[in-house]
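The chain contents come next:
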Protein chains: 2
Amino acid sequence: MKVYIEPIGKLINEFSKLPGVGAKTAQRFAYKVVNMSKEDAKSFADAIMSVKNNVHYCKICGNFSEGDICDVCKNRQSDVICVVKEPKDVIAIEKLNEFNGTYHVLHGTISPMDGIGPNDINIKGLLERISNGGVTEVIMATNPDVEGEATAMYITGLIKPLGIKVTRIAHGIPVGTDLEYADEVSLARAFVDRKTL
Amino acid sequence: MKVYIEPIGKLINEFSKLPGVGAKTAQRFAYKVVNMSKEDAKSFADAIMSVKNNVHYCKICGNFSEGDICDVCKNRQSDVICVVKEPKDVIAIEKLNEFNGTYHVLHGTISPMDGIGPNDINIKGLLERISNGGVTEVIMATNPDVEGEATAMYITGLIKPLGIKVTRIAHGIPVGTDLEYADEVSLARAFVDRKTL
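What this report covers is the structure whose coordinates are included nearby.

1. Observations concerning the overall build of chain A
And then number 1: Of the regular secondary structure elements, chain A holds eight helices and six strands.
And then number 2: Along its sequence from the N terminus, chain A presents helices and strands in the succession α-α-α-β-β-α-β-α-β-α-β-α-β-α.
And then number 3: Across its three principal axes, chain A shows a C-alpha extent of roughly 70 × 45 × 35 Å.
And then number 4: By sequence separation, contacts in chain A at least 24 residues apart represent 46% of the contacts at least 6 residues apart.
And then number 5: Surface exposure of chain A reaches about 11,100 Å², of which carbon and sulfur atoms provide 53%.
And then number 6: Separation between the mean location of the 23 positive side-chain charges and that of the 25 negative ones in chain A comes to 5 Å.

2. Digging into the state of the cysteines
Residue and element names in this part refer to chain A.
And then number 1: Within the structure shown, the criterion is met by zero disulfides over all chains.
And then number 2: Note on Cys58: no disulfide assigned, nearest cysteine sulfur contributed by Cys73 at a separation of 3.8 Å.
And then number 3: Residue classification places Cys58 among the buried positions, given a relative accessible area of 5%.
And then number 4: Free of any disulfide, Cys70 has its nearest cysteine sulfur in Cys61, 3.6 Å distant.
And then number 5: For Cys70, a relative accessible area of 1% puts it in the buried group.

3. Focus on helix H7 (residues 146–159) of chain A
Residue and element names in this part refer to chain A.
And then number 1: The end-to-end C-alpha distance of H7, which contains 14 residues, comes to 20 Å, matching closely the 20 Å that a straight helix rising 1.5 Å per residue would cover.
And then number 2: Looking only at H7, the buried set comprises Gly148, Glu149, Thr151, Ala152, Ile155, Thr156 and Ile159. Relative to the axis of H7, the buried residues are bounded by an arc of 165 degrees and lie together on one face. Facing away from the buried side of H7 by more than 90 degrees, the exposed set consists of Val146 and Met153.
And then number 3: Here the buried face of H7 lies against strand S3 (80–84), helix H6 (123–131), strand S5 (137–140), strand S6 (165–168) and helix H8 (184–192).

4. Quick look at the nonpolar core
And then number 1: In terms of nonpolar packing, the biggest core is built from 50 residues, with Phe15(A), Phe44(A), Phe15(B) and Phe44(B) touching the most fellow members.
And then number 2: Going through the elements one at a time, helix H1 (6–15), helix H2 (23–34) and helix H3 (38–54) of chain A together with helix H1 (6–15), helix H2 (23–34) and helix H3 (38–54) of chain B are the ones with two or more residues in this core.
And then number 3: Those residues in contact with Phe15(A), other than ones at most four positions away along the chain, are Val21(A), Ala26(A), Phe29(A), Ala30(A), Val33(A), Phe44(A), Leu18(B) and Phe44(B).

5. Points about the relation of the copies chain A and chain B
And then number 1: Mapping chain A onto chain B calls for a screw motion: a turn of 180 degrees about the axis and a shift of 0.1 Å along it, with 0.1 Å RMSD after fitting. The superposition of one copy onto the other is thereby described by a two-fold rotation axis. For chain A, the smallest separation between a C-alpha atom and the rotation axis is recorded for Ala45(A), amounting to 2.2 Å.
And then number 2: Mapped onto chain B, 100% of the interface residues of chain A again fall at the interface, so both copies present the same surface.

6. Quick word on the sheet that holds strand S4 (residues 102–105) of chain A
All names here are of chain A.
And then number 1: One open sheet holds the four strands; their spatial order is S4-S3-S5-S6, and the pairing between them is parallel. Each edge of the sheet is formed by a strand with only one pairing partner; in this case those strands are S4 and S6. The sheet shows a mean angle of 25 degrees between the axes of neighbouring strands, taken without regard to direction.
And then number 2: Two elements, S3 and S4, share four bridges in a ladder whose sense is parallel.

7. Quick look at the interface of chain A and chain B
How big an interface is tends to be stated in terms of accessible area lost as the parts join.
And then number 1: Taken together, the contact pairs 53 residues of chain A with 53 residues of chain B.
And then number 2: For the pair chain A and chain B, the summed buried surface comes to about 5,200 Å²; carbon and sulfur atoms form 72% of the total.
And then number 3: Taken together, the connections running from chain A to chain B amount to zero salt bridges.
And then number 4: On the surface where chain A and chain B come into contact, there are 12 residue pairs in polar contact (both at pLDDT 80 or more).
And then number 5: Elements with a minimum of two residues in the side of chain A that touches chain B: H1, H2, H3, strand S2 (64–65), helix H4 (71–75) and helix H5 (87–94) of chain A.
And then number 6: Sort the elements by how many residues they give to the side of chain A that touches chain B and H3(A) lands first, with 15 residues.
And then number 7: Class assignment of the residues belonging to the side of chain A that touches chain B gives a composition of 28 nonpolar, nine polar and 16 charged.

What counts and what doesn't
Residues numbered from 1 in each chain as written. Chains lettered and ligands numbered in written order. Predicted model: local features only at pLDDT ≥ 70, side-chain atom pairs only at ≥ 80, totals over all residues. Heavy atoms only, no water. Helix = DSSP H or I, 4+ residues; strand = E, 2+ residues; numbered from the N terminus. Contact = heavy atoms within 4.5 Å. Areas by Shrake-Rupley, 256 points an atom, 1.4 Å probe, with all protein chains shown as cover. Lys, Arg positive; Asp, Glu negative; His and termini not counted. Charge placed at Lys NZ, Arg CZ, Asp CG, Glu CD. Disulfide = S-S within 2.5 Å. Buried < 20%, exposed > 50% of the residue type's maximum accessible area, 1.4 Å probe, protein only. Expected span 1.5 Å × (residues − 1). Arc of directions from axis to C-beta. Core = buried A, V, L, I, M, F, W, Y, C linked by side-chain atoms within 4.5 Å. Least-squares fit on C-alpha atoms with pLDDT ≥ 70 in both. Pairing = 2+ DSSP bridges. Axes fitted to C-alpha atoms, helices over the stretch in contact; angles between N-to-C directions. Buried area = accessible area lost by both parts, 1.4 Å probe. Salt bridge = Lys/Arg side-chain N within 4 Å of Asp/Glu carboxyl O. Polar contact = N/O pair within 3.5 Å; in protein donor to acceptor, adjacent residues only side chain to side chain. Nonpolar A, V, L, I, M, F, W, Y, C, P; charged D, E, K, R; others polar.

Put into structure tokens, the structure is as follows:
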């Protein structure tokens, strides 16, 4: 005899596709839905479909957007473009309330191992924006991993000859960490990128 | 400026209603849905609605059921009824493949603190099933907490005078636990409920 009746088994299966959710957690989530009111379940299901139907990518920068153009591109005029790997990186930076420029989302990083070359990510769009003029600085904010560094280097090679300032976000030991506990790579980077006081 | 566009913010909000899911996890789940194919998202949303539309409670025992009568009641003839608090307890027991009797789900336990009295849980249904005859043993498998114990005692008081055997599942130290690490209450129970070898 099967343990779960079909609708519950199916929902557990769906929940277990979420990142970090195992069988036990998926089961807890499914029970929670079973005990929800019909309205709550409907608004949950609607929210899922709404994300698929209403989240698009900005035609200018590639960020999440409800319409053709995202809120950042609509509301900001800036000569600084921050280049990131994914739309969620934009959200992470926006949360800081520190950066007032615009973004460019690559939707990936160059990764020959995975067969992703420079033409598979949105570099063309960035070059077009630069060629339209008005850009004085491009900040490379890709992740500090091999692919992120390689992509930053590649794009720098394309943009620098155009006479535009290209910068890279700083890597080093995180604020609040004891030297003793910092990972070796970050500590080494902190020495290489040391600055004059 | 708001950080999330509306559909994503809404979905994060929905996910964070799930048990044990905080803001960061809800955000990860939402990103996962954004990156799902439209078909996958639809089957996820459908699974949620299907649980609300197709999961009913068995008219006999109160277990989860797709129709009027659950699979257990449909397929098993037994003179033993196992009384549990919630439908998910049935699933936990069914997974063992040890128990071959039928169930009775109370949908709660007596809890005066929360204003739940004997008439608020499905005791009447149990008494009806017993009065129909054919029941020789009732196993009280409510949780080993104050409410579960009180409920087991209350129901025992109603059924025992009818000449039916009433048993309680054993409590003691879990299998595989060192005595040293067992919690005191369980260890004390293990002594009280010790059995002759």
